[in-house]
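Analysis of the macromolecular model
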Amino acid sequence: DLPPAPPGPGWTIDNRDVNFFFDPAAWNLVTTHSQRYGSDHRARTPGDGTQPVRWAAHLPRKGLFRVHAWWTASTDSASNAAYRIHDDAGEHVIRVDQRSRGGQWNALGLFRFSKDAPADVRLLDEGDGPLSADGIWFEPVVNQNSAWIFY
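Predicted model, so just to flag it, every value in this text is computed and none were measured.

Basis of the calculations
Residues numbered from 1 in each chain as written. Predicted model: local features only at pLDDT ≥ 70, side-chain atom pairs only at ≥ 80, totals over all residues. Heavy atoms only, no water. Buried < 20%, exposed > 50% of the residue type's maximum accessible area, 1.4 Å probe, protein only. Helix = DSSP H or I, 4+ residues; strand = E, 2+ residues; numbered from the N terminus. Pairing = 2+ DSSP bridges. Salt bridge = Lys/Arg side-chain N within 4 Å of Asp/Glu carboxyl O. Core = buried A, V, L, I, M, F, W, Y, C linked by side-chain atoms within 4.5 Å. Contact = heavy atoms within 4.5 Å. Axes fitted to C-alpha atoms, helices over the stretch in contact; angles between N-to-C directions.

What about the pairing of strand β12 (residues 135–140)?
For a regular strand, side-chain orientation follows a simple rule: the groups alternate between the two sheet faces. Among the six residues in β12, six count as buried, and that is most of the element. Sheet topology places strand β1 (residues 11–13) next to β12; three bridges connect them, and they run antiparallel. Its bridge partner being in β12, Trp 11 is matched across the sheet by Phe 138. Bridge count for strand β6 (residues 63–70) against β12 is six bridges, and the pairing is antiparallel. Opposite Trp 70, over in β12, you have Gly 135 as the bridge partner.

Written out as structure tokens, the structure reads:
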């Protein structure tokens, strides 16, 4: 099963793509959850922070991107799941509540990526409940002025 296309332009990395890195002994494959992106997702109980999952790819263009994450939600999921995003300005940690907003794209923020280094997003394996790792969407933010035409 292929995951659905994102609702706008950009690039996605699903947990089945070659640009998704994880320890299979730490992150379990889950196929039964209806909120998954594609045919499955990865999940685990909180760890000590040493076994994150990683979505990383060289984007085809540099610039400003809105990064979205897709997860499955459950009442016992982590309320403080930590995504670590590395961009041109350094590392940023964004905490999200995975108990809600499952089965949809959730914006993590705006980040500037170059073509020289991979866009790198990690979900840390720490939190106050189980964690869900599924998809990441890099949505380019287009400068509205770039579409203007002068007569």
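After that view, the rundown keeps rolling.
Describing the pattern of salt bridges
With the rule as written, the count across this model stands at eight salt bridges. In this structure, Arg 16 and Asp 40 form a salt bridge, with 2.5 Å as the shortest nitrogen-oxygen distance. Here the residue Arg 16 occupies a position in the loop between β1 and β2 (20–21), and Asp 40 occupies one in the loop between β3 (28–30) and β4 (41–44), the gap between them amounting to 24 residues. Relative accessible area serves as the criterion here: at 54%, Arg 16 is assigned to the exposed category. In this structure, Arg 44 and Asp 125 form a salt bridge, with 3.5 Å as the shortest nitrogen-oxygen distance. With Arg 44 in strand β4 and Asp 125 in the loop between β10 (119–123) and β11 (131–133), the pair connects residues that are 81 residues apart, well separated along the chain. This pair shows no difference in class: Arg 44 is buried, exactly as Asp 125 is.

Focus on the nonpolar core
Membership of the largest hydrophobic core comes to 28 residues, with the highest contact counts inside it found for Trp 55, Val 67, Tyr 83, Phe 113, Leu 123 and Phe 138. Secondary-structure elements contributing two or more residues to this core are β5 (53–57), β6, β7 (81–87), β9 (106–113), β10, β11 and β12. Leaving out residues up to four positions away in the same chain, Val 67 has contacts with Ile 85, Asn 106, Ala 107, Leu 108, Gly 109, Phe 111, Phe 113, Val 121, Ile 136, Trp 137 and Phe 138.

Some thoughts on the sheet that holds β3
Strand order in this open sheet of three strands is β3-β4-β11, and the pairing throughout is antiparallel. Of all the strands in the sheet, the pair left with one neighbour each is β3 and β11. Looking at each pair of strands side by side, their axes are set apart by 35° on average, direction ignored. Note: β4 against β11, three bridges, orientation antiparallel. Bridging from a neighbouring strand, Arg 42 pairs with Ala 133 of β11.

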